[in-house]
Amino acid sequence: MFITYHDGSSREITVIDQEVPYPDGKLIVSRTDTTGVITHANQAFIEMSGYSLDELIGINHNILRHPDMPAAAFKDLWVTIQSGKKWNGYVKNLRKDGAFYWVKATVIPNIRNGELMGYTSVRRKPSRSKVDACTALYAQMKMDVPS
Amino acid sequence: MQTYTLSVSPDFSPEHLSGWFIFNTWLQKSLATPFHLELYDEFELQRRDIQLDKIDLIYANPYDAAMLVREKGFQAVARPASTSDEAVIAVLNSSACLSVDDLKEGVRVATTHDPDVHMMGMIMLEPADLDRSNVIVTPVHSYVIVAKHLLNGQADIGFFLKDAFHDLSDLIRSQMRVLVESQIDVIHHTLLAGPNVQHLIPQLLDNLLQMQDDIKGKAVLESMQMTGWLKMEQEDTEFMIDLIDTLIE
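What counts, and at which threshold
Residues numbered from 1 in each chain as written. Chains lettered and ligands numbered in written order. Predicted model: local features only at pLDDT ≥ 70, side-chain atom pairs only at ≥ 80, totals over all residues. Heavy atoms only, no water. Contact = heavy atoms within 4.5 Å. Buried area = accessible area lost by both parts, 1.4 Å probe. Salt bridge = Lys/Arg side-chain N within 4 Å of Asp/Glu carboxyl O. Helix = DSSP H or I, 4+ residues; strand = E, 2+ residues; numbered from the N terminus. Nonpolar A, V, L, I, M, F, W, Y, C, P; charged D, E, K, R; others polar. Core = buried A, V, L, I, M, F, W, Y, C linked by side-chain atoms within 4.5 Å. Buried < 20%, exposed > 50% of the residue type's maximum accessible area, 1.4 Å probe, protein only. Domains from an automatic or database assignment. Polar contact = N/O pair within 3.5 Å; in protein donor to acceptor, adjacent residues only side chain to side chain. Axes fitted to C-alpha atoms, helices over the stretch in contact; angles between N-to-C directions. Parallel < 35°, antiparallel > 145°, perpendicular 65-115°, else oblique. Pairing = 2+ DSSP bridges.

1. Points about the interface of chain B and chain A
- Taken together, the contact between chain B and chain A spans 22 residues of the former and 23 residues of the latter.
- Across the interface of chain B and chain A, roughly 2,000 Å² is buried in total on both sides, 52% from carbon and sulfur atoms.
- The tally of links between chain B and chain A comes to seven salt bridges.
- Of the charged contacts in the structure, one is a salt bridge between D129 of chain B and K130 of chain A, with a shortest N-O distance of 3.5 Å.
- Secondary-structure elements contributing two or more residues to the side of chain B that touches chain A are α4 (115-125), β9 (176-181) and α10 (234-247) of chain B.
- For the side of chain B that touches chain A, the leading source of residues is α10 of chain B, giving eight residues.
- Tallied by class, residues from the side of chain B that touches chain A come to ten nonpolar, three polar and nine charged.

2. Structural notes on the nonpolar core
All names here are of chain B.
- Counting residues in each nonpolar core, the largest one holds 48 residues, and the members touching the most others are I89, L103, L125, I157, F159, F160 and M176.
- Listing elements by their share of this core, those giving two or more residues are β5 (87-92), β6 (108-112), α4, α5 (143-151), β8 (157-161), α6 (162-167), β9 and α10.
- The dominant element in this core, judged by the number of residues it contributes, is α4, at seven residues.
- The residues that make up this core include at least three from each of domain 1 (4-84 + 186-247) and domain 2 (87-181).
- If sequence neighbours within four positions are ignored, F160 has contacts with E86, A87, V88, A90, V117, Y143, V146, A147, L150, F165, L168 and M176.

3. Details of the domain arrangement of chain B
Residue and element names in this part refer to chain B.
- We note that the domain assignment places domain 1 (4-84 + 186-247) and domain 2 (87-181) within chain B.
- Opposite the 15 residues of domain 1 that make contact, domain 2 presents ten residues.
- With both chains or domains summed, domain 1 and domain 2 bury close to 1,200 Å², and 63% of this area falls on carbon and sulfur atoms.
- For the pair domain 1 and domain 2, the interface holds zero salt bridges.
- Counting only elements with at least two residues in the side of domain 1 that touches domain 2, the list comes to α2 (43-51), α3 (62-72) and α10.
- Here the side of domain 1 that touches domain 2 is built from residues that sort into five nonpolar, four polar and six charged.

4. Brief notes about the environment of D97 of chain A
Residues and elements named next belong to chain A.
- Residue placement: D97 occurs in the loop between β5 (87-94) and β6 (100-112).
- Judged by relative accessible area, D97 falls into the partly exposed class, the value being 41%.
- Separated by 84 residues in sequence, D97 and I13 place their C-alpha atoms 7.0 Å apart.
- Other than its neighbours up to four places away in sequence, D97 contacts T14 and I16.
- A polar atom in the side chain of D97 sits 3.0 Å from the side chain of R95.

5. Notes on the environment of P21 of chain A
- Inspection of the secondary structure assignment puts P21 of chain A in the loop between β2 (10-12) and β3 (28-32).
- Distance from P21 of chain A to V103 of chain A, taken between C-alpha atoms, is 9.8 Å for residues 82 residues apart in sequence.

6. Topic: the packing of α3 of chain B against α4 of chain B
All names here are of chain B.
- At their nearest, the axes of α3 and α4 sit 6 Å apart, and the two run at 125° to each other. Between α3 and α4, the angle is such that the two are oblique. Contact residues: α3 offers P62, Y63 and D64, while α4 offers P115, D116 and M119.
- Residue classes in the contact of α3 with α4 are distributed as four nonpolar, no polar and two charged.

7. Quick look at the pairing of β3 of chain A
Residues and elements named next belong to chain A.
- Of all five residues in β3, five are buried; the element is thus mostly enclosed.
- Because side chains alternate across β3, one face comprises the buried residues I28, S30 and T32, and the other comprises V29 and R31, equally buried.
- Strand direction decides the pairing type here: β3 and strand β7 (residues 115-124), joined by five bridges, are antiparallel. The residue bridging V29 from the neighbouring strand is V122, located in β7.
- Hairpin remark: β3 followed by strand β4 (residues 38-41), antiparallel, with five residues in the connecting loop; positive phi at G36, about 95°.

8. Topic: the sheet that holds β8 of chain B
All names here are of chain B.
- Overall, mixed pairing links the five strands, which are arranged β7-β6-β8-β5-β9 in an open sheet. Edge strands, defined here as strands with exactly one partner in the open sheet, are β7 (136-140) and β9. Averaged over all pairs of adjacent strands, the angle between their axes in this sheet comes to 30°, without regard to strand direction.
- Relative to β8, β5 is paired through four bridges, and the arrangement is antiparallel. If you follow V88 over to β8, its bridge partner there is F160.
- Across the sheet, α4 is in contact with β5, β6, β7, β8 and β9; its angle to β8 comes to roughly 135°.
- Set on the sheet, α5 makes contact with β5, β6, β7, β8 and β9; between it and β8 the angle comes to about 160°.

Here's what the structure looks like:
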């Protein structure tokens, strides 16, 4: 699959079936603008995604979207946060090197003086049982509605 | 002249608290304004006085900071430089558990009423499919008592503020080991000013930021085991509140 960066350049990522374990105790933190473009990324995000800070800032968060994730999961995310609510879910993320890592993600809208300014996303280590359940669920969703 | 009240989140060891008495003396001199330092053994008692508007300036943990800003009109002034709040889950040296994944339903948890440390501790249990529905939580009043519960066999794991864990005596700490430690980096205590002292904020902030460049100020910082203060912008505060919101179930 092809990834396009914010400067217009693009590269092909070869998706490989290799999981990178989520480290104990770490939180991945990022912020985006209202369209999903990354404005802030912490060190854990850089380490787990495999991208540099320069590569992450300014690019859409969907750079992490793994082809095994059903489109319906992200649709639910956007419908939820655009209505001003918090979204929780389990997400399989694509690394720059084509490997993947699972997270338990929470996204909330950033409201300042009553105005939506962007979103904050925090990811943490999921349990293996939840990952296994979501692996099966998302595969079924992909079969039911191919993207 | 009116005397204002300074308070500190009750999650610090006596060694840290002695530094806050020194800070209060420095504060009064630097602002030429009387402050009384009110300390609490329990979070509940401090929160009661917050609700009664008895506290004007407070060094608050991140969880309480969110409540103080949103519900009580406090404004973040500064935060300590080069430090963040992290949590530790500890077990006895003799425990068979080598990682969080080894913990089972029914595990007995000793914790304090420190809300952010408890929250971080519970988050670190999630990878083992543990949550408040399947663990036995015993809240106690201090980290020393958390350690005692472990040593006495009344708990299998204990939640500690990382700094508080390392402040335990060598004798106690040497009988325990860290099972997992948070690496969150972006959550920290904050000095907040209430509505009654907002007129003091510009001078207070100037004085805080200059402490590390002044011999007396530097000595005060050292007594608090701090290296300096960083200004908290409004957006810094909002960001931390958003983060706390993402972590609360």
